[in-house]
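Observations on chain architecture
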Amino acid sequence: MATDCRTRTRRILTRRTMTERTLLDALTGSGEVTPGFPDLDQRFRLKVRSYVEICMAPAFRALAQSLDLFQMRQEGIYPIMFYLVFEPAPTPLWHGRPLQSAYEGRMYRYRPPAEGAAPGAPRVERLLLDWRFALSGPRSEARAEDMSPGEGEAEIAHVGNGRIVQVLTRPLAPPGERDVQELPEKYRLLRERPWEGPYPTWQLMAHIPEGFSGPAGQVPPHESVWGIPNTDINQHVNLNEYIADVENHQQRLLSAAGIAPADHAVTRAEIIFHKPFFAGEAYRVEGDLRRRDGETLFLGGIYQAGAPSAPEGRPGVFMRLEGRLEADGE
């Protein structure tokens, strides 16, 4: 009997060890993505609003193949983009030539601390898929009249870095039933780690470093209504629509502050999504622009029409855009 117990124990431990060894620390890989015509600006640089698709296309393929992403969607559990950081490099690119997106995705569990939580952090656990990206591609020497993808070899240059944090949720479930706190079976291929550092919130993103002036330039909030063309098959407004609307408001403020938009570049974009908008909803975009020598800082967001502004009201979407002035648009 004792021998049988020891044998069973060894088998259990062996199975447990084998299971632990099969867990992946991260989903890693890379893939080619070719920017389309609207993905590059007039300087042949990748637009901030294009980073989501360029970064995530190979990662989504990995999710679909390794974790059966689409089956999970049928079961009502989606990894929804929640927090994004993009750091564009001033690299001109050839139109029509592929970029490489190298990715690394890890699974984390956020547990609310007993004390010292970030302002606005959730009071319940969250499961988060944290992706890191490095983009590279052929540097272009193209001129405005040159629309070809170029010929022959080109220097492979750094294009930018990205981070996309997705939260596992049931977006179509009734309120109070949307949180996912147990890792679904399909995702248990990934090793779960404790979340490190403060939980991302718009309050933390709104920090203004020393030396930045008060608001530069004044423009009224932009008000409009979301329509069907702004939505996607997730049944709400597509996140790139939010990014484009906030970027457009930043450009209004740059112009009002006497800064030619063509002489300005975003060096870091930080974006957080708190609440989706739907077709037919009225909304408002507002924000402030600040300056420190040749640097700029834009803080702004998208609110439901009639909702209070920050800090009393919480934005549905909030963006922090750090930038710099460039001589002659270079």
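One structure accompanies this document, and this report is about it. Source: prediction; values computed, not measured. (Residues numbered from 1 in each chain as written. Predicted model: local features only at pLDDT ≥ 70, side-chain atom pairs only at ≥ 80, totals over all residues. Heavy atoms only, no water.)

Some words on the pattern of salt bridges
If you walk through the whole model with that rule in mind, you get 22 salt bridges. Measuring nitrogen to oxygen at the nearest pair gives 3.6 Å for the salt bridge that ties Arg268 to Glu87. In this pair, Arg268 sits in strand β8 (residues 264-273) while Glu87 sits in strand β2 (residues 78-88), placing the two residues 181 residues apart along the sequence. Residue class for Arg268 comes out partly exposed when judged on its relative accessible area of 24%. Take Glu87: its relative accessible area is 34%, and that puts it in the partly exposed class. The shortest N-O distance in the salt bridge between Glu322 and Arg320 comes to 3.1 Å. Residue classification places Glu322 among the partly exposed residues on the basis of a relative accessible area of 24%. Take Arg320: its relative accessible area is 8%, and that puts it in the buried class. When salt bridges with common partners are traced through the structure, they connect Asp41, Arg43, Arg45, Arg324 and Glu326 into a single cluster. (Salt bridge = Lys/Arg side-chain N within 4 Å of Asp/Glu carboxyl O. Helix = DSSP H or I, 4+ residues; strand = E, 2+ residues; numbered from the N terminus. Buried < 20%, exposed > 50% of the residue type's maximum accessible area, 1.4 Å probe, protein only.)

Focus on the pairing of β2
Most of β2 sits out of view: 9 of its 11 residues are buried. Relative to strand β5 (residues 156-169), β2 is paired through 10 bridges, and the arrangement is antiparallel. Among the inter-strand pairings, Pro88 is bridged to a residue of β5, identified as Gly160. Sheet analysis places β2 next to β8, joined by 4 bridges and oriented antiparallel. Within the sheet, the bridge partner assigned to Leu84 lies in β8 and is Ile271. (Pairing = 2+ DSSP bridges.)

Some thoughts on helix α5 (residues 239-256)
Residues lying three or four places apart along an α-helix face the same way, a consequence of the helix completing one turn every 3.6 residues. With 18 residues, α5 should reach 26 Å at 1.5 Å per residue; the first-to-last C-alpha distance of 26 Å fits that figure. Among all positions in α5, only Leu239, Tyr242, Ile243, Ala244, Asp245, Val246, Glu247, His249, Gln250, Leu253 and Leu254 are buried. Backbone nitrogen of Asn240 and a side-chain oxygen of the N-cap are separated by 2.9 Å at the start of α5; the cap is Asn238. Backbone geometry just downstream of α5 places Gly258 in the positive-phi region, at approximately 80°. (Expected span 1.5 Å × (residues − 1). Polar contact = N/O pair within 3.5 Å; in protein donor to acceptor, adjacent residues only side chain to side chain.)

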